[in-house]
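What follows is each chain in one-letter form.
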Amino acid sequence: MRQLTETPLVRDGKSIILAHDHGLEHGPAAFDDVPERLDPRTVFEMATHDAVTGFAVQKGLAETYYPSYDDDVNLLAKLNGTSSLWMGEPYSPQTCSVEYALELGADAIGYTVYPGTNRETEMFEEFRDVQERAREHDVPVAMWSYPRGQALKEHRHPEVISYATRIALELGADIAKVKYPRSGQAMADAVAAAGDVNVVLSGGSKADDREFLSLVETAMNAGASGLAVGRNVWQRENPEQILDALEAVVFEGATTDEALAE
């Protein structure tokens, strides 16, 4: 099995994954403040930035736009997803096979799992098939590990986030993407629970530059291996500027003040 560090998804053991699956997950409303970004080409262009080690999109965007960027962008194909129109218990059905993702040129695959829902066992079984097929083709697997469900009162509780990273380890992921558990110590605990799995921070809703970079700095100091970010990049007026700052914080160990001063 090829080590994660031998793949293009990481640089010096760290990752900045630019995510652009929001058109499916959140709908056109996610682009209300930046209507020009409805054109996927604008975000594919952002993914050519040196800071971006992987670009996460669904198969439709990969089919249509990735051929024009395959020399400049590392494709992380999301193999499942759901819309915000769905009102039932959280569940994310598979929308693409590993084999088809590789035909599209994927360097890695991503898969969302919702531990805690009443369809948890079903999603674990589906992830098993995806993970084992990915191993056959020697491509890394990133798990969006998002505890959800009616019985779960606080999905960002520190113990819940640590459980989420541990699930990624136990089920064979190479990267665990999780929500921020609201403190650096809780993030450190989540990283410890993940063993050798790289833990990346979910970018979340758009925040101002200082707030966002401070969050990333705290996560990196707690042992995180980077982040998977969407709205906090492509919803900005100047996405290149924030990517420059993220590159400094994630890969160069800069503080928020240092990154903002550059």
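Here the structure is shown first, and the text comes after it.
The shown structure was predicted, so the numbers you read here are calculated from the model rather than taken from an experiment.

(A) Seen up close, the sheet that holds strand S7 (residues 198-202). The strand order S1-S2-S3-S4-S5-S6-S7-S8 describes a closed barrel built from eight strands, whose pairing is parallel. When strand polarity is set aside, the average angle formed by the axes of neighbouring strands in this sheet is 25°. The pairing of strand S1 (residues 15-19) with strand S8 (residues 226-229) spans four bridges and is classified as parallel. Bridging from a neighbouring strand, Ile 17 pairs with Ala 228 of S8.

(B) Structural view of the nonpolar core. By size, the foremost hydrophobic cluster in this structure holds 89 residues, and its most contacted members are Leu 18, Leu 79, Met 187, Val 216, Leu 227 and Leu 246. With eight residues, the top contributor of residues to this core is helix H10 (residues 239-252). Setting aside its immediate chain neighbours within four residues, Leu 246 contacts Ile 16, Phe 212, Leu 213, Val 216, Leu 227, Val 229, Val 233 and Phe 251.

(C) Structural context of the pattern of salt bridges. All told, the structure shown has 12 salt bridges when counted by the stated rule. Note that Arg 135 and Asp 174 form a salt bridge whose closest N and O atoms lie 3.1 Å from each other. Residue Arg 135 is found in helix H5 (residues 120-136), and its partner Asp 174 is found in the loop between helix H6 (158-171) and strand S6 (175-178); the two are separated by 39 residues along the sequence.

(D) Seen up close, the packing of H6 against helix H7 (residues 184-193). Here H6 crosses H7 at 25°, and the two axes come no closer than 7 Å. With respect to each other, H6 and H7 are oriented roughly parallel. Judged by the twist between their axes, the crossing of H6 over H7 is right-handed. Between H6, through Pro 158, Ile 161, Ser 162, Thr 165, Arg 166 and Leu 169, and H7, the contact on the second element is made entirely by Ala 186, Asp 189, Ala 190 and Ala 193. Of the residues belonging to the contact of H6 with H7, the class tally is six nonpolar, two polar and two charged.

(E) View of H5. When the terminal C-alpha atoms of H5 are compared, their 24 Å separation across 17 residues agrees well with the 24 Å that a helix rising 1.5 Å per residue should span. Among the residues making up H5, those that are buried are Met 123, Glu 126, Phe 127, Val 130, Gln 131 and Ala 134. Seen along its axis, H5 keeps its buried residues to an arc of 135°; they face one direction. Exposed and oriented more than 90 degrees from the buried face of H5 are Thr 121 and Glu 136. If you follow the buried residues of H5, they end up packed against helix H4 (98-103), strand S4 (108-113), strand S5 (141-145) and H6.

(F) Layout of the packing of aromatic side chains. Inspection of every chain in the model, using the stated rule, returns five aromatic pairs. Chaining the aromatic ring pairs together yields one cluster made of Phe 44, Phe 55, Tyr 65 and Tyr 69. One residue, Lys 179, lies across the ring of Tyr 146, its end atom 4.6 Å from the ring centre.

Parameters at a glance
- Residues numbered from 1 in each chain as written.
- Predicted model: local features only at pLDDT ≥ 70, side-chain atom pairs only at ≥ 80, totals over all residues.
- Heavy atoms only, no water.
- Pairing = 2+ DSSP bridges.
- Helix = DSSP H or I, 4+ residues; strand = E, 2+ residues; numbered from the N terminus.
- Axes fitted to C-alpha atoms, helices over the stretch in contact; angles between N-to-C directions.
- Core = buried A, V, L, I, M, F, W, Y, C linked by side-chain atoms within 4.5 Å.
- Buried < 20%, exposed > 50% of the residue type's maximum accessible area, 1.4 Å probe, protein only.
- Contact = heavy atoms within 4.5 Å.
- Salt bridge = Lys/Arg side-chain N within 4 Å of Asp/Glu carboxyl O.
- Parallel < 35°, antiparallel > 145°, perpendicular 65-115°, else oblique.
- Left-handed = near helix turned anticlockwise from the far one by under 90°.
- Nonpolar A, V, L, I, M, F, W, Y, C, P; charged D, E, K, R; others polar.
- Expected span 1.5 Å × (residues − 1).
- Arc of directions from axis to C-beta.
- Phe/Tyr/Trp six-rings, centres within 6.5 Å; stacked < 30°, edge-to-face > 60°.
- Lys NZ or Arg CZ within 6 Å of the ring centre and 35° of its normal.

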